[in-house]
Every structure is written in C-alpha cells, then in structure tokens.
Amino acid sequence: MTSKPKGMGLGIALGAALGAAFGVAAGHLAIWLAIGVAIGVAIGGSLRKKGTECSECADLHRQHETRNLRQQS
C-alpha cells in the first residue's frame, strides 16, 4: 500500500486546535472551532507537495495539451 499525503489532516487538526484555544479564551467555542477548521483546510491545501516530474513525463503532457488545443479549434 502506498503512503497517502497527510497535509490536509494535519492542517485541519492544527486549525481545530487553534480554534478551540481561541474559543475557550474568547468564550465562543463553537464559532472559533468552525473558523479554526476552515483555516486548517486552507493550510492543509497549501501543504500539498508537488512531485518532481521527469523530462519524459513533461514531454508527454505537453503533447497531450497541444493535441487537445488542436482538437478544440
């Protein structure tokens, strides 16, 4: 089995923890928890790693893109 990226889960967990901390301090736990989870989703999405691409794969993708552009015209 391959290893799955854990960036989204980590972001949500961090956001929920920060939201809970601010919620307890401010006295509005539900609101801050929801805000923290939303921020965590944004953070998790930005933690996604972009894989390195070999030159053969890049050439193949370029060929597919140009073929699709020609078919649309």
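Just above, that's the structure.
Residues numbered from 1 in each chain as written. Predicted model: local features only at pLDDT ≥ 70, side-chain atom pairs only at ≥ 80, totals over all residues. Heavy atoms only, no water.

Asks: Explain the packing of helix α1 (residues 7-26) against helix α2 (residues 29-46) here, please?
Replies: Helix packing for two helices is described by the angle between their axes and how far apart those axes are. Where α1 meets α2, the axes come as close as 6 Å, and the angle between the chain directions of the two elements is 155 degrees. Considering their axes alone, α1 and α2 lie roughly antiparallel with respect to each other. Relative to α2, the crossing made by α1 is right-handed. Along the contact surface, α1 presents Gly-7, Met-8, Gly-11, Ile-12, Gly-15, Ala-16, Gly-19, Ala-20, Phe-22, Gly-23, Val-24 and Ala-26, while α2 presents Leu-29, Trp-32, Leu-33, Gly-36, Val-37, Gly-40, Val-41, Ile-43, Gly-44 and Gly-45. Split by residue class, the contact of α1 with α2 holds 13 nonpolar, 9 polar and no charged. (Axes fitted to C-alpha atoms, helices over the stretch in contact; angles between N-to-C directions. Helix = DSSP H or I, 4+ residues; strand = E, 2+ residues; numbered from the N terminus. Parallel < 35°, antiparallel > 145°, perpendicular 65-115°, else oblique. Left-handed = near helix turned anticlockwise from the far one by under 90°. Contact = heavy atoms within 4.5 Å. Nonpolar A, V, L, I, M, F, W, Y, C, P; charged D, E, K, R; others polar.)

Asks: Would you mind going over a nonpolar patch on the surface with me for this structure?
Replies: Side chains of Leu-10, Leu-14, Leu-18, Phe-22, Ile-31, Trp-32, Ile-35, Ile-39, Ile-43 and Leu-47 sit close together on the surface and give an oily, nonpolar patch of about 910 Å² of accessible area. Of all elements in the fold, only α1 and α2 reach the threshold of two or more residues within the nonpolar patch. Considering every element that reaches the nonpolar patch, the biggest residue donor is α2, with 5 residues. Examined against the element boundaries, Leu-14 turns out to sit in helix α1. For Leu-14, a relative accessible area of 46% puts it in the partly exposed group. (Patch = residues over 30% accessible without salt bridge, like charges linked within 9 Å, V, L, I, M, F, W, Y side chains within 5 Å. Areas by Shrake-Rupley, 256 points an atom, 1.4 Å probe, with all protein chains shown as cover. Salt bridge = Lys/Arg side-chain N within 4 Å of Asp/Glu carboxyl O. Buried < 20%, exposed > 50% of the residue type's maximum accessible area, 1.4 Å probe, protein only.)

Asks: What's the story with the pattern of salt bridges in this structure? I'm lost.
Replies: Pairing between side chains of opposite charge can happen when their charged atoms approach one another. Enumeration according to the criterion identifies 1 salt bridge in this entry. For the salt bridge of Arg-62 with Asp-59, the shortest nitrogen-to-oxygen distance reads 2.7 Å. Of this pair, Arg-62 and Asp-59 both sit in helix α3 (residues 55-72), 3 residues apart, which is roughly one turn of the helix. On the basis of relative accessible area, Arg-62 is assigned to the partly exposed category, the value being 48%.

Asks: In this structure, what is going on with α2? I would like to understand it.
Replies: Since the α-helix packs 3.6 residues into each turn, any two residues three or four apart lie on the same face. The end-to-end C-alpha distance of α2, which contains 18 residues, comes to 25 Å, matching closely the 26 Å that a straight helix rising 1.5 Å per residue would cover. Where α2 is concerned, the buried positions are Gly-36, Gly-40 and Gly-44. Burial along α2 is one-sided: seen end-on, the buried residues are contained in an arc of 70 degrees. Set apart from the buried face of α2 by more than 90 degrees, the exposed residues are Ile-31, Ala-42 and Ser-46. In the core, the buried residues of α2 are packed alongside α1. (Expected span 1.5 Å × (residues − 1). Arc of directions from axis to C-beta.)

Asks: What is the right way to look at the environment of Ala-16 in this model?
Replies: Tracing the sequence through the fold places Ala-16 in helix α1. Ala-16 sits in the partly exposed class, given a relative accessible area of 21%. Not counting chain neighbours up to four residues away, the residues in contact with Ala-16 comprise Leu-33, Gly-36 and Val-37.

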